[in-house]
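# Summary of structural features
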Amino acid sequence: MLTRIDHIGIACFDLDATVEFYRATYGFEVFHTEVNDEQGVREAMLLVNETSDGGATYLQLLEPTREDSAVGKWLAKNGEGVHHIAFGTGDVDGDAAAIRDKGVRVLYDEPRHGTMGSRITFLHPKDCHGVLTELVTSAGLDPAEDAH
Ligand code: CMX
Ligand code: CO
């Protein structure tokens, strides 16, 4: 079950300058930074609020590390802006399978590595009324971890 907005993904050309804008303008502080080589991004997570399911809601600021990455291609075409939204769930595997059964393209066969040890997958924007949509199960909220 999707229980919260996990994050809003925002594509930018200059991560440090964009982090500083969010700090100076709104007072949001960096909670975590990470380079995700598989996704081709350098990212900063800014904590907005915690949520009743034990998770949280963030802004995810994304700077491409490669021009041919998803964010690099998108920036070249659109310029800076909102790139995707991400819903939080306790069961990304189950929710992705259920959504695939409804005819929406799920981009990965198995969830991949996301920020802070989370497991993530994406739904194709053309099947979601133009919105690239991510599903996230946070580390610590993931029942699959208990099986290890
Ligand atoms: N939001 C809405 N529409 C988008 C989009 C986005 N972020 N990215 C691409 N599209 C649209 C394009 O505008 C294009 O539409 P038209 O055909 O009408 O022009 C269509 O989708 C195809 O776009 P493309 O530029 O040819 O790009 P690709 O098909 O190569 O890739 C996608 C699109 C969604 C498959 C790719 O971006 C992807 O795999 N995304 C998932 C991974 C990702 O985004 N990683 C970065 C974030 C990592 C994180 O959140 O941790
Ligand atoms: Co994201």
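Higher on the page you've got the structure.
Residues numbered from 1 in each chain as written. Chains lettered and ligands numbered in written order. Predicted model: local features only at pLDDT ≥ 70, side-chain atom pairs only at ≥ 80, totals over all residues. Heavy atoms only, no water.

### Focus on the pattern of salt bridges
The following threshold applies: Every case where a carboxyl oxygen of Asp or Glu lies within 4 Å of a side-chain nitrogen of Lys or Arg is listed as a salt bridge. To qualify as a helix, a DSSP run of H or I must reach at least 4 residues; to qualify as a strand, a run of E must reach at least 2; elements of each kind are numbered from the N terminus. The buried label goes to any residue with under 20% of its type's maximum accessible area, the exposed label to any with over 50%, and the partly exposed label to all in between, with areas taken from a 1.4 Å probe on protein chains only.
As enumerated under the stated definition, the model contains nine salt bridges in all. For the salt bridge of Glu63 with Arg42, the shortest nitrogen-to-oxygen distance reads 3.1 Å. Placement of the pair is Glu63 in strand 4 (residues 56-64) and Arg42 in strand 3 (residues 41-50), with a sequence separation of 21 residues. Judged by relative accessible area, Glu63 falls into the buried class, the value being 14%. Here Asp127 ties to Arg105 by a salt bridge, and the two come within 2.9 Å at their closest N and O atoms. Of the two residues, Asp127 sits in the loop between strand 7 (119-123) and strand 8 (133-137) while Arg105 sits in the loop between helix 3 (92-101) and strand 6 (112-113), which places them 22 residues apart along the sequence. Judged by its relative accessible area of 27%, Asp127 is partly exposed.

### Topic: the pairing of strand 3
Put simply, side chains in a regular strand alternate between the two faces of the sheet. Going by this rule: Between any two strands, pairing holds if DSSP finds at least two bridges.
With six bridges connecting them, strand 2 (residues 30-36) and strand 3 associate as antiparallel partners. The residue of strand 3 that forms the bridge with Asn36 is Val41. Between the end of strand 2 and the start of strand 3, which pair antiparallel, lie four residues, with Gly40 showing a positive phi angle near 70°. Here strand 3 runs beside strand 4; their pairing, made up of nine bridges, is antiparallel. Residue pairing in the sheet places Asn49 in a bridge with Thr57 of strand 4.

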